[in-house]
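Coordinate analysis (summary)
Residue-level listing of the chains:
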Amino acid sequence: MKIWAHRGCSQRYPENTITSFSKALELFGRGLTGIELDIQLTKDKELVVIHDEKIDRTTDGYGFVRDYTLEELKSFHIHTGKREAERIPTMKEVLDLLADAMKKGFLLNIELKNSIFPYPGMEEKIVKLISEYGLEKSVVYSSFYAASIVRIKELVPDAGTGMLDKKVSDCLYKAKSIGADALHPFWQGMDFEPDKFKGYPVRAWLTGHLYPEKPTGGKLDLAALEEKGITDVFLNEPEMYL
Ligand code: G3P
Ligand code: CA
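As a starting point, this report considers the structure included with it. All residue numbers refer to positions counted from 1 along the written sequence of the respective chain. Chain A is the first chain written and ligand 1 is the first ligand written, with later ones labelled in order. Thresholds applied to this predicted model are a pLDDT of at least 70 for local features of residues and 80 or more for the giving and counting of side-chain atom pairs; totals over whole chains, interfaces and linings are not thresholded and use all residues. Side-chain measures were taken over the full set of non-hydrogen atoms in the model, leaving aside hydrogen atoms and water.

Digging into the packing of helix H1 (residues 18-25) against helix H3 (residues 91-103)
Interaxial angle, 0 to 180 degrees, is taken between N-to-C directions of lines fitted to C-alpha atoms, where a helix line uses only the stretch in contact. Under the DSSP-based scheme used, a helix requires at least four consecutive residues in state H or I and a strand at least two consecutive residues in state E, with every element numbered from the N terminus. Where H1 meets H3, the axes come as close as 10 Å, and the angle between the chain directions of the two elements is 5 degrees. Classed by the angle they form, the pair H1 and H3 counts as roughly parallel. Residues Ile18, Phe21, Ser22 and Leu25 of H1 pack against Glu93, Val94, Leu97, Leu98 and Ala101 of H3. Residues are grouped as follows: Ala, Val, Leu, Ile, Met, Phe, Trp, Tyr, Cys and Pro are nonpolar; Asp, Glu, Lys and Arg are charged; every other residue, Gly included, is polar. In terms of residue class, the contact of H1 with H3 is made up of seven nonpolar, one polar and one charged. Between 65 and 115 degrees an angle is taken as roughly perpendicular, under 35 as roughly parallel, over 145 as roughly antiparallel, and anywhere else as oblique. Note on definitions: a residue-residue contact is assigned when non-hydrogen atoms from the two residues lie within 4.5 Å.

Remarks on the side chain of serine 169
Within the secondary structure layout, serine 169 lies in helix H6 (residues 168-178). Given a relative accessible area of 7%, serine 169 falls into the buried group. Those residues in contact with serine 169 that sit more than four places away from it in its chain are Asp191 and Phe192. Exposed residues in this analysis have more than 50% of their type's maximum accessible area, buried residues have under 20%, and partly exposed residues fall in between, with area computed by a 1.4 Å probe over protein chains only.

Side note on the pairing of strand S9 (residues 232-235)
Going residue by residue along S9, you find Asp232 and Phe234 tucked away on one face and Val233 and Leu235 tucked away on the opposite face as well. Pairing between strands requires that DSSP locate at least two bridges from one strand to the other. Pairing geometry for strand S1 (residues 2-6) and S9, over four bridges, is parallel. In the sheet register, isoleucine 3 faces S9, and the bridge partner there is valine 233. Alignment of strand S8 (residues 203-204) against S9, held across two bridges, turns out to be parallel. Paired with arginine 203 across the bridge in S9 is aspartate 232. Note on the crossover from S8 through helix H7 (residues 222-227) to S9: the handedness is right-handed. Assignment of crossover handedness uses the view with strands pointing away from the viewer, where a clockwise path from the first strand over the helix to the second indicates a right-handed crossover.

Quick notes on the pairing of strand S6 (residues 160-164)
Across the five residues that make up S6, a large majority, four, are buried. Across four bridges, strand S5 (residues 139-143) lies against S6 in parallel orientation. In the sheet register, valine 140 faces S6, and the bridge partner there is glycine 160. With three bridges connecting them, S6 and strand S7 (residues 182-184) associate as parallel partners. Considered in S7, the bridge of methionine 163 is made with leucine 183. In this fold, the crossover linking S6 to S7 by way of H6 has right-handed handedness.

Let's talk about the pattern of salt bridges
Side chains carrying opposite charge are able to pair once their charged atoms draw close together. One side-chain nitrogen of Lys or Arg within 4 Å of one carboxyl oxygen of Asp or Glu is enough to make a salt bridge. The final tally for this structure, using the stated rule, is 14 salt bridges. With a closest N to O distance of 2.8 Å, aspartate 52 and arginine 57 form a salt bridge. Within this structure, Arg7, Glu15, Asp52 and Arg57 form a network of salt bridges that share partners.

Observations concerning the site of ligand 1
With respect to spatial proximity, the complete set of residues near ligand 1 consists of His6, Arg7, Glu36, Asp38, His51, Glu111, Lys113, Phe144, Leu164 and Trp205. Side-chain atoms alone can form a polar contact between residues adjacent in sequence; in general such a contact is a pair of N or O atoms within 3.5 Å, and within protein one must be able to donate a hydrogen while the other accepts it. Contacts to ligand 1 include histidine 51, whose side-chain N or O atom sits 2.7 Å from an oxygen atom. For ligand 1, whose accessible area on its own is 290 Å², the fraction buried by protein is 91%. The residue inventory of the shell around ligand 1, partitioned by class, reads three nonpolar, two polar and five charged. Proximity is defined per residue: any heavy atom of the residue falling within 4 Å of a molecule or strand makes that residue near it. The method behind every accessible area is Shrake-Rupley, applied with a 1.4 Å probe, and residues are considered shielded solely by the protein chains displayed.

Comments concerning the packing of aromatic side chains
Only Phe, Tyr and Trp rings take part, Trp by its six-membered ring, and two of them pair if their centres are within 6.5 Å. Stacked means planes under 30 degrees apart, edge-to-face means over 60, and tilted covers everything else. Scanning the model with the defined rule gives eight aromatic pairs in all. Where phenylalanine 64 meets phenylalanine 117, the ring centres are 5.4 Å apart and the plane angle is 80 degrees; that geometry is what we call edge-to-face. Of this pair, phenylalanine 64 sits in the loop between strand S3 (47-49) and helix H2 (70-73) while phenylalanine 117 sits in the loop between strand S4 (107-112) and helix H4 (122-133); the two residues are 53 residues apart in sequence, bridging distant segments of the chain. Taking relative accessible area as the criterion, phenylalanine 64 reaches 30% and is therefore assigned partly exposed. Since its relative accessible area comes to 13%, phenylalanine 117 is described here as buried. Each ring, one from tyrosine 173 and one from phenylalanine 192, has its centre 5.9 Å from the other, and the planes form 85 degrees; the classification is edge-to-face. Residue tyrosine 173 is located in helix H6, and its partner phenylalanine 192 is located in the loop between S7 and S8; the two are separated by 19 residues in the primary sequence. With relative accessibility at 51%, the residue tyrosine 173 sits in the exposed group. Within the aromatic cluster, the residues linked to one another by ring pairs are Phe64, Phe117 and Tyr119. Lysine NZ or arginine CZ positioned within 6 Å of the ring centre and within 35 degrees of the ring normal marks a charge as sitting over the ring. One residue, lysine 54, lies across the ring of phenylalanine 64, its end atom 5.1 Å from the ring centre. Directly above the ring of phenylalanine 186 sits lysine 166, whose terminal nitrogen or CZ lies 5.5 Å from the centroid.

Quick look at the structure:
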């Protein structure tokens, strides 16, 4: 089973931050496959790494990411529980942190968060940035929005892509129709037997606890997930499994 850090090490540290990604990077040597993160576009069309369309849950601000310029967004503080707050990272800042490891095999799954707001032009921006860093081979793009995967494939035909959905059956039918390379279902959405989706990487996501909730100490039975045909898992607490 391949293990990814979901929004970085997001159980013990604030999700989608330089801290949560740095902690995940430390696990590369212990066998961590890569990091999953979420991107959105600011009002002035900068790529930023944040899960929600709104900044309310993770920062001391409120409102939509798309209504703020990057400079304005950077004035908000991410709740860290420490005196020194963090800021919403740009995609570029995250690549500056990860590029060296990515050239040595560490992977990055970039989820385009565009099923609520389509963010026209986001696909062009992210593939251009990845190409500037020369990291094309180390990235998997994913989205719940199939049209976005199609756009990525138009721009970079051999880009690694993953089709997100709740059920593996829906991932499979959409992936087949648009030519996505991998299935990214909810871990409890394995409604097909593995022989139906043989050959596809199946990277499952979960809805685990996130910082600042207390770590639970409970562990998943990864062997049982593997039997269902899951090849990879995105975990908030990957450090527990490596
Ligand atoms: O990419 C897998 C997973 O992250 C999708 O759900 O809500 O955590 O972005 P979410
Ligand atoms: Ca995600």
